[in-house]
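Structural overview
One letter stands for each residue in the lines below.
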Amino acid sequence: MNLAKIRGGAGDITQPNLNARIQDNLYLAVNSEWISKAKIPADRPAISSFGEIDLKIEKELMDDLAAFAADKKDMPAVPNFDKAIATYKLAADFDKRDAEGFKPAEADLQTLTDLKDIASLKQNLASLFLRFSFPFYFEVEPDRKNTKVNSLSFDRNSLILPDTTSYQSPASKQLLAVWQKQTENLLKLAGVDEAAAKKYTADALALDAKIVKVAKSAEERADDVALYNPIKTSDFEEKTSSLDLGQLLTQLFDHQPEKVVVREPKFLDHFNELFNEANFAELKGWLIAMFINKAAGFLSEEFRQAAFPFRQATYGQKELPSQAKEAYHTANRLFSDVIGVYYGQTYFGADAKADVEDMIHRMIDVYEQRINANEWLSPATKQKAITKLRALVLKIGYPDKIEHVYDLFQVEDDLYSTQANMREVDWKYNFAKLYKPVDRSEWYMPGNLINACYDPQRNDITFPAAILQAPFYDLKASRATNYGGIGVVIAHEISHAFDNNGAKYDEFGNMKNWWTKKDFAEFEKRTQAEIDLFDGIKYGPVTLNGKQIVSENIADQGGLTAGIEANKNEHGDMQELFKNYARIWASKESPEIIKTIAAFDVHAPGPERVNVQVQCQPEFYKAFNVQEGDGMWLDPDKRVVIW
């Protein structure tokens with residue numbers, strides 16, 4: 001093997017090697033001891049640096065919610081927090097849930113089983129659409145050509161398996177068989193006779209198989225701009241006449257929009273042949289099958305256990321979370337922003353927020369320096385890029401206000417009805433935005449989520465309080481260590497403004513070309529090099545698809561480069577930076593979750609994000625004296641530089 005040609009370092013990056021040298025495999029040299037000792041919790045499919053923080057937050061908030069529910073703590077001054085606790089109490093009361101069994105969901109199942117034909121479905125389509133999952137959905141979001149206003153998008157819903165490519169896997173038949181058996185069992189628990197349960201499930205699988213053939217893959221959906229396909233509402237009505245979706249739009253909105261933005265045109269083109277009288281049984285089966293699988297988690301312990309096999313087969317976790325954990329996660333999903341604000345106010349300090357904000361501004365300054373010093377951009381494109389950079393809106397910690405939708409939520413007598421009614425309220429709240437101005441203050445992530453994001457339509461970057469802790473960030477750590485953690489994460493999100501998708505939006509979030517033709521051609525050439533850099537890398541049981549993960553890899557490249565530059569400016573220890581960069585991506589995963597996530601995720605696996613990106617950084621070679629012949633050596637002509 002020619003070590004000089006290795007992308008991702010020498011050895012199997014998924015297995016610990018306590019003797020690994022940094023020069024041969026940075027990720028394993030830093031993390032092998034942790035990997036050797038780390039245990040994947042039985043109720044999780046993986047453990048990682050992210051996961052360890054999540055376990056800590058989970059324990060903190062589980063303890064807090066239990067204390068509030070038992071009146072051992074005074075209720076905080078967070079709007080609608082009392083509703084979150086009331087919902088938590090319903091979720092935690094398994095004696096009540098077990099006693100009720102399927103009764104809370106009986107009426108909804110009856111509504112679906114009573115459907116006789118397409119006519120009966122169309123007659124009640126608006127109420128059904130708000131209450132149940134369909135193979136398609138609408139969503140109001142900022143219009144990509146004019147982000148001051150909202151537009152209506154139309155998309156297909158999720159498939160049974162994670163992605164279209166999952167159906168080509170040798171394991172697909174086995175996974176679909178698990179789903180089939182699970183669904184039949186759930187329906188029988190709900191009182192459906194065995195023959196009907198088998199037919200509903202078989203019909204659902206038949207429709208899913210048809211949708212797979214006309215659905216975009218995760219790789220195709222990774223091209224964000226290709227999801228913007230506006231058509232006249234009259235044309236949309238014609239393409240969906242089999243279910244009369246034009247009439248549905250009339251019922252859902254005060255007046256019909258002039259256009260509908262279609263995310264998957266091929267799916268729309270086949271709509272009438274997928275959903276019609278001849279195929280009505282398949283659609284009915286799909287509605288019933290999806291309903292019972294979603295409802296199970298809000299019913300008794302028997303239903304919760306019965307809905308586990310497919311999740312277990314797909315993700316590889318050994319057991320369900322405890323009832324106490326389930327109660328917390330249920331309340332957290334339904335009241336994410338409310339609990340996120342509570343978490344931020346309780347666990348995120350003002351000093352940390354000020355320090356992180358200072359780091360963000362430093363990273364923006366570094367980015368501007370790097371754009372100005374860029375050798376392949378023209379002055380005109382540089383100026384446009386800097387204008388966009390300086391227009392970035394920062395969202396740090398948690399939002400100042402909680403969405404009005406939580407004011408509209410009501411806690412019912414049982415958990416199933418509570419979440420089902422909240423779902424309706426949430427859809428109506430979203431649809432009511434269509435003719436209102438875009439609210440640029442909205443957050444897409446709650447304060448207790450260990451993540452960060454860039455929103456191209458609002459040109460903002462969000463850093464929830466949860467990620468602003470070790471190993472990503474520590475107020476007491478050196479700047480070099482923090483630059484290798486949160487500094488790189490900050491610059492990663494900034495880089496999304498200039499990745500293969502973000503580069504097509506201006507400073508206001510509008511889809512607009514601000515590049516010269518020559519500059520964009522060079523950018524696309526470098527983007528292809530980033531695709532080639534990762535494409536075909538073997539990671540455990542999967543092979544990476546460079547095109548599917550390119551946007552995140554561009555952001556990683558820009559983020560690490562900017563973090564290194566900022567550390568240079570402050571004369572920080574470069575070894576500390578690279579070691580902490582490796583540390584934040586430490587992970588231990590089941591083979592099942594590796595295969596499942598690789599099918600749809602737009603991120604490369606964490607270990608490869610470490611090694612492949614640092615192989616492109618000259619400062620890494622200097623910091624650790626990496627020489628040709630070492631496992632981490634990558635020939636200079638293979639190294640990729642974009643930002």
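See the structure shown above.
Residues numbered from 1 in each chain as written. Predicted model: local features only at pLDDT ≥ 70, side-chain atom pairs only at ≥ 80, totals over all residues. Heavy atoms only, no water.

1. Describing the overall build of the chain
When you go through the chain residue by residue, the secondary structure sums to 30 helices and eleven strands. Over its C-alpha trace the chain gives a radius of gyration of 25 Å, about what one expects of a compact globule, namely 26 Å for 643 residues. With the C-alpha coordinates of the chain rotated into their principal frame, the extents come out at 70 × 55 × 55 Å. Across the 643 residues of the chain, 58% fall into the buried class. Of all intrachain contacts in the chain linking residues separated by at least 6 positions in sequence, the fraction that spans at least 24 positions is 74%. Just so you have it, the chain exposes about 26700 Å², and 50% of that area is on carbon and sulfur atoms. Once the 77 positive and 96 negative side-chain charges of the chain are each reduced to a mean point, those two points are 3 Å apart. (Helix = DSSP H or I, 4+ residues; strand = E, 2+ residues; numbered from the N terminus. Rg over C-alpha atoms; globule rule 2.2 N^0.38 Å. Buried < 20%, exposed > 50% of the residue type's maximum accessible area, 1.4 Å probe, protein only. Contact = heavy atoms within 4.5 Å. Areas by Shrake-Rupley, 256 points an atom, 1.4 Å probe, with all protein chains shown as cover. Lys, Arg positive; Asp, Glu negative; His and termini not counted. Charge placed at Lys NZ, Arg CZ, Asp CG, Glu CD.)

2. Digging into empty space enclosed by the protein
Going through the model one piece at a time under the given rule, you end up with three cavities of 30 Å³ or more. Within this model, the largest cavity holds a volume of roughly 70 Å³. Lining the largest cavity are 13 residues, and of these Arg97, Glu100, Phe298, Asp414 and Leu415 lie nearest its centre. Contributing elements (two or more residues each) for the lining of the largest cavity: α4 (94–100) and α23 (415–431). The element contributing the most residues to the lining of the largest cavity is α4, with three residues. In terms of residue class, the lining of the largest cavity is built from six nonpolar, two polar and five charged. Its boundaries defined by the atoms lining it, the second largest cavity holds a volume of some 60 Å³. Residue lining of the second largest cavity: Asp337, Pro399, Lys401, Ile402, Glu403, Ser441, Glu442 and Trp443, and that is the complete set. Classifying every residue of the lining of the second largest cavity gives three nonpolar, one polar and four charged. (1 Å grid on protein atoms, 1.4 Å probe; cavity = no way out; pocket = protein on both sides within 12 Å on 5 of 7 lines; lining within 4 Å. Points joined across faces, edges and corners; volume = space filled by probe spheres on them. Nonpolar A, V, L, I, M, F, W, Y, C, P; charged D, E, K, R; others polar.)

3. A word on the packing of aromatic side chains
Following the criterion strictly, the structure yields 48 aromatic pairs and no others. Residue placement shows arginine 639 over the ring face of tryptophan 633; its charged tip is 4.9 Å from the ring centre. (Phe/Tyr/Trp six-rings, centres within 6.5 Å; stacked < 30°, edge-to-face > 60°. Lys NZ or Arg CZ within 6 Å of the ring centre and 35° of its normal.)

4. Considerations on the packing of helix α24 (residues 479–495) against helix α26 (residues 550–569)
Where α24 contacts α26, the axes come no closer than 7 Å and their chain directions differ by 135 degrees. Of the possible angle classes, the one that applies to α24 and α26 is oblique. In terms of crossing hand, the pair formed by α24 and α26 is right-handed. Along its contact with α24, which presents Ala480, Tyr483, Val488, Ala491, His492 and Ser495, the element α26 presents Glu552, Ile554, Ala555, Asp556, Gly558, Gly559, Leu560, Ala562, Gly563, Ala566 and Asn567. Here the contact of α24 with α26 is composed, by residue class, of nine nonpolar, six polar and two charged. (Axes fitted to C-alpha atoms, helices over the stretch in contact; angles between N-to-C directions. Parallel < 35°, antiparallel > 145°, perpendicular 65-115°, else oblique. Left-handed = near helix turned anticlockwise from the far one by under 90°.)

5. Considerations on the sheet that holds strand β3 (residues 146–156)
Taken together, four strands build an open sheet; the order of strands is β2-β3-β5-β4 and the sheet is mixed. Two strands lie at the open edges of the sheet, namely β2 (136–143) and β4 (229–232), each paired on one side alone. Averaged over all pairs of adjacent strands, the angle between strand axes in this sheet comes to 35 degrees, irrespective of strand direction. (Pairing = 2+ DSSP bridges.)

6. Re the sheet that holds strand β8 (residues 460–464)
Across the sheet, which stays open at both edges, the three strands sit in the order β6-β8-β7 with mixed pairing between neighbours. In this open sheet, the two strands that pair with only one neighbour each are β6 (393–397) and β7 (453–455). Direction aside, the axes of adjacent strands within the sheet are offset by 15 degrees on average. Two elements, β6 and β8, share five bridges in a ladder whose sense is parallel. Pairing of leucine 394 across the sheet is with isoleucine 461, part of β8. Of the strands in this sheet, β6 and β8 touch helix α20 (residues 350–373), which is tilted by about 150 degrees from β6.

7. Points about the layout of surface pockets
Empty space among the atoms becomes apparent when a probe as large as a water molecule is rolled across them. Roughly 310 Å³ of volume is contained in the second largest pocket. Lining the second largest pocket are 15 residues; nearest its centre among them are Asn500, Thr527, Ile531, Lys547 and Val550. Those elements that place two or more of their residues in the lining of the second largest pocket are α10 (218–221) and α25 (517–534). Sorting elements by how many residues they give to the lining of the second largest pocket places α25 first, with six residues.

8. A short note on the pattern of salt bridges
Note that side chains of opposite charge can pair when their charged atoms are close. By the definition in use, this model includes 46 salt bridges. A salt bridge links arginine 21 to aspartate 24; its shortest N-O distance comes to 3.0 Å. According to the relative accessible area criterion, aspartate 24 is partly exposed, its value standing at 22%. When salt bridges with common partners are traced through the structure, they connect Glu139, Glu141, Asp155, Arg156, Arg221, Arg263 and Glu264 into a single cluster. (Salt bridge = Lys/Arg side-chain N within 4 Å of Asp/Glu carboxyl O.)

9. Some details on the pairing of β2
Counting buried positions along β2 gives seven out of eight residues, so the element sits mostly inside the fold. Between β2 and β3, which pair antiparallel and follow one another directly, the connecting turn spans two residues.

10. Quick look at the environment of alanine 480
Within the fold, alanine 480 resides in helix α24. Sequence separation between alanine 480 and glycine 572 is 92 residues; the distance between their C-alpha atoms is 5.1 Å.

11. Looking at the environment of glutamate 58
Inspection of the secondary structure puts glutamate 58 in helix α2 (residues 49–69). Separated by 141 residues in sequence, glutamate 58 and lysine 199 have C-alpha atoms that sit 40 Å apart. Of note is the side chain of glutamate 58, whose polar atom sits 2.6 Å from the side chain of histidine 329. (Polar contact = N/O pair within 3.5 Å; in protein donor to acceptor, adjacent residues only side chain to side chain.)

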